[in-house]
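Structural characterization, general
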Amino acid sequence: MARKCIIAGNWKMNLDPDQGFELIEGIKAGFKPKANLEVVVIPPMPLVALAAHWVTDSTLSLGAQTSSSFRDGAHTGDTSPELLRILGCRYALSGHSERRGDHHESDAQVAAQAKAQVEAGLKTIVCCGESLQEREAGVHINKIKNQIGIIYDTLPPEYWGEVSIAYEPIWAIGTGKTASPVQAQEIHKMIRDHIESKAGAQVARSTAILYGGSVKGSNAKELLGQPDIDGALVGGASLKADDFSQIIQAYEVS
Ligand code: PGA
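Residues numbered from 1 in each chain as written. Predicted model: local features only at pLDDT ≥ 70, side-chain atom pairs only at ≥ 80, totals over all residues. Heavy atoms only, no water.

Another aspect to go through is the sheet that holds strand β4 (residues 91-94). Reading around the barrel, the eight strands line up as β1-β2-β3-β4-β5-β6-β7-β8 and close back on themselves, with parallel pairing between neighbours. For this sheet the average axis-to-axis angle between neighbouring strands, irrespective of direction, equals 25°. In the sheet, β4 pairs with strand β5 (residues 123-128) via four bridges, with the strands oriented parallel. Counted as the bridge partner of serine 94 is valine 126 from β5. Lying on the sheet, helix α8 (residues 181-199) is in contact with β5, β6 (163-167) and β7 (209-212); it crosses β7 at an angle near 145°. (Pairing = 2+ DSSP bridges. Helix = DSSP H or I, 4+ residues; strand = E, 2+ residues; numbered from the N terminus. Axes fitted to C-alpha atoms, helices over the stretch in contact; angles between N-to-C directions. Contact = heavy atoms within 4.5 Å.)

Next comes the structure, spelled out in structure tokens:
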């Protein structure tokens, strides 16, 4: 059975309720469901409950950009993964590089967050990736292995099937520079091999590994055509229905 392809639109801290509603209506209008394809919209936190209503009559899934590593309680300003699931989220991101950068989230904190998400019934998309300096210094492979390895060390095996990975080289996020399909495939294969060493061949084979970093309609087809690229995490190009729809259409059932 082929792995699922996940195309996820991370709106980051963009769009107001009217713009969010319009965007989802636009995506729905052009969306033809395909076998094995899941399309996820990931609005800013204050829009999650509204977006849950906007997607109800569609096959679009809803995700959140982050969540607390606690289930509930005295954590002012944090968001419970349990509450996100109750509101209608199916997915949550953990460890996006902007969270790691802006909020100093460590690998251990990201793993704790991912664990709380799957325990709450969400699927987690764990983000990993290196800066340009790290790539140039040749330390990127070890960095990514550490970011991924700790997830499987922290989550009990019964939750490994709820994990997807997003490889997002930081130098390609929002810059217009994309890793070439060959560069991306090389890292995705390394990630899958590392998952195999931590969690076994079956988990490695079935885990979706998404690519993120300046994905757009013009490069999506070639990226999604690589054997170990199972989807895309899209920022800028997820904010316009036409742009995002082009990426969705680039997925061809294999
Ligand atoms: P981008 O963002 O598509 O704007 O590069 C990707 C991401 O940060 O998830």
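A word on the pattern of salt bridges. Per the stated rule, a full pass over the model turns up 19 salt bridges. Three or more residues are tied together by salt bridges with common partners; here these are Arg3, Arg192, Asp228 and Asp230. (Salt bridge = Lys/Arg side-chain N within 4 Å of Asp/Glu carboxyl O.)

This part takes up the packing of helix α1 (residues 17-30) against helix α11 (residues 241-250). The contact between α1 and α11 brings their axes to 9 Å, and the two run at 35°. At the point where α1 passes α11, the crossing takes the right-handed sense. Together, Leu23, Gly26, Ile27 and Gly30 of α1 and Ala241, Phe244, Ser245, Ile248 and Gln249 of α11 make up the contact between the two elements. The residue makeup of the contact of α1 with α11, split by class, is five nonpolar, four polar and no charged. (Left-handed = near helix turned anticlockwise from the far one by under 90°. Nonpolar A, V, L, I, M, F, W, Y, C, P; charged D, E, K, R; others polar.)

Take the UniProt feature "active site" (unreviewed entry) in the protein chain next. Summarizing the sequence annotation, UniProt attributes the feature "active site" (unreviewed entry) to His96 and Glu168 in the numbering used throughout. Maximum C-alpha separation among the annotated residues is 8.5 Å over a sequence range of 73 residues, consistent with a single clustered spot. Ignoring sequence-local partners within four residues, the contact set of histidine 96 consists of Asn10, Lys12, Cys127, Glu168 and Ile173. Its location among the elements puts glutamate 168 in the loop between β6 and α8. On the basis of relative accessibility, which here comes to 5%, the residue glutamate 168 falls in the buried class. Look past the residues within four positions of glutamate 168 in its chain and what remains in contact with it is His96, Cys127, Cys128, Gly129, Glu130, Ile173, Gly212, Gly213 and Leu233. (UniProt positions renumbered as here; feature names shortened; annotations may be inferred. Buried < 20%, exposed > 50% of the residue type's maximum accessible area, 1.4 Å probe, protein only.)

Take the UniProt feature "binding site: substrate" (unreviewed entry) in the protein chain next. UniProt's entry tags Asn10, Trp11, Lys12, Gly174, Ser214, Gly235 and Gly236 with the feature "binding site: substrate" (unreviewed entry), counted in the numbering of this structure. Look at the named residues: they lie 227 residues apart in sequence, but the longest C-alpha span between them is just 13.9 Å, so in the fold they bunch up. Counting through the fold element by element, asparagine 10 comes out in strand β1 (residues 5-10). Look at asparagine 10 and you get buried, because its relative accessible area is 5%. Only 3.0 Å separates the side chain of asparagine 10 from the backbone nitrogen of lysine 12, close enough to count as a polar contact. (Polar contact = N/O pair within 3.5 Å; in protein donor to acceptor, adjacent residues only side chain to side chain.)

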